[in-house]
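# Report on the structure
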Amino acid sequence: VKNKITLLDLDGKLIKDKFEMPEVASLSISAHHKQTEIFYKFTSFLYPGTVMHYDIESGKTTKFKETIVKGFKPEDYVATQAFFESKDKTKVPMFIVHKKAIDPKNPKG
């Protein structure tokens, strides 16, 4: 699953095309058409819940709240999505999560 947020005004004019978040994540958004801010939360294999704040007037995004897992450094890992073909030719998605230092095609080095 890959999410993308595109922010448009009420007339359909583009305000912002890309928001900061991992490529592979689950996403939720909190916004109201009368407000000038948006909160969005993403959760992924590497980030267990991060809430971001986007100020429409300034165009700035800041981290509002983050879940920290003691001893875990998400920047040391990579999460990617790949597709594999089943026996009946159906494309099946698979997520591959590994340390950056490991080659997933040759994990023993």
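Notes on the structure follow. (Residues numbered from 1 in each chain as written. Predicted model: local features only at pLDDT ≥ 70, side-chain atom pairs only at ≥ 80, totals over all residues. Heavy atoms only, no water.)

### Brief notes about the nonpolar core
Threshold: Definition of nonpolar core: a set of buried residues of the types Ala, Val, Leu, Ile, Met, Phe, Trp, Tyr and Cys, connected through side-chain atoms within 4.5 Å. Think of it in three bands: with a 1.4 Å probe and only protein chains considered, a residue is buried below 20% of the maximum accessible area for its type, exposed above 50%, and partly exposed in between. The helix and strand labels rest on DSSP assignments: H or I over at least four residues marks a helix, E over at least two residues marks a strand, and numbering proceeds from the N terminus. The criterion used for residue contact is that any of the two residues' heavy atoms lie within 4.5 Å.
Counting residues in hydrophobic clusters, the biggest one holds 9 residues: Ile 5, Leu 7, Phe 19, Ala 25, Ile 38, Tyr 40, Phe 42, Met 52 and Tyr 54. Put simply, the parts of the chain that give this core at least two residues each are strand S4 (37-43) and strand S5 (50-55). Ranked by the residues each element gives to this core, the list is headed by S4, at 3 residues. Apart from residues no more than four positions distant in its own chain, Phe 19 is found in contact with Ile 5, Leu 7, Tyr 40 and Tyr 54.

### Some points on the pattern of salt bridges
Close approach of charged atoms allows side chains with opposite charge to pair. As a reminder of what qualifies: Definition used for salt bridges: Asp or Glu carboxyl oxygen within 4 Å of a side-chain nitrogen of Lys or Arg.
Per the stated rule, a full pass over the model turns up 2 salt bridges. Lys 63 is paired through a salt bridge with Glu 66; the nearest N and O atoms lie 3.4 Å apart. Note on Glu 66: relative accessible area 32%, which makes it partly exposed. With a closest N to O distance of 3.6 Å, Glu 85 and Lys 89 form a salt bridge. Lys 89 carries the same exposure label as Glu 85, and that label is exposed.

### Remarks on the sheet that holds S4
The following threshold applies: Strand pairing follows a simple DSSP-based rule, namely that at least 2 bridges must link the two strands. Lines fitted to C-alpha atoms define the axes, with helix axes restricted to the stretch in contact, and inter-axis angles between N-to-C directions lie between 0 and 180 degrees.
In space, the 4 strands of this open sheet follow the order S3-S4-S5-S6, with antiparallel pairing throughout. This sheet does not close on itself; its edge strands, each paired only once, are strand S3 (26-31) and strand S6 (60-66). The sheet shows a mean angle of 25° between the axes of neighbouring strands, direction not considered. Strand direction decides the pairing type here: S3 and S4, joined by 6 bridges, are antiparallel. Bridging across to S4, Ala 31 finds its partner in Ile 38.

### Section: the pairing of strand S7 (residues 77-85)
Where S7 and strand S8 (residues 91-99) come together, 9 bridges link them in antiparallel fashion. Residue pairing in the sheet places Tyr 77 in a bridge with Lys 99 of S8.

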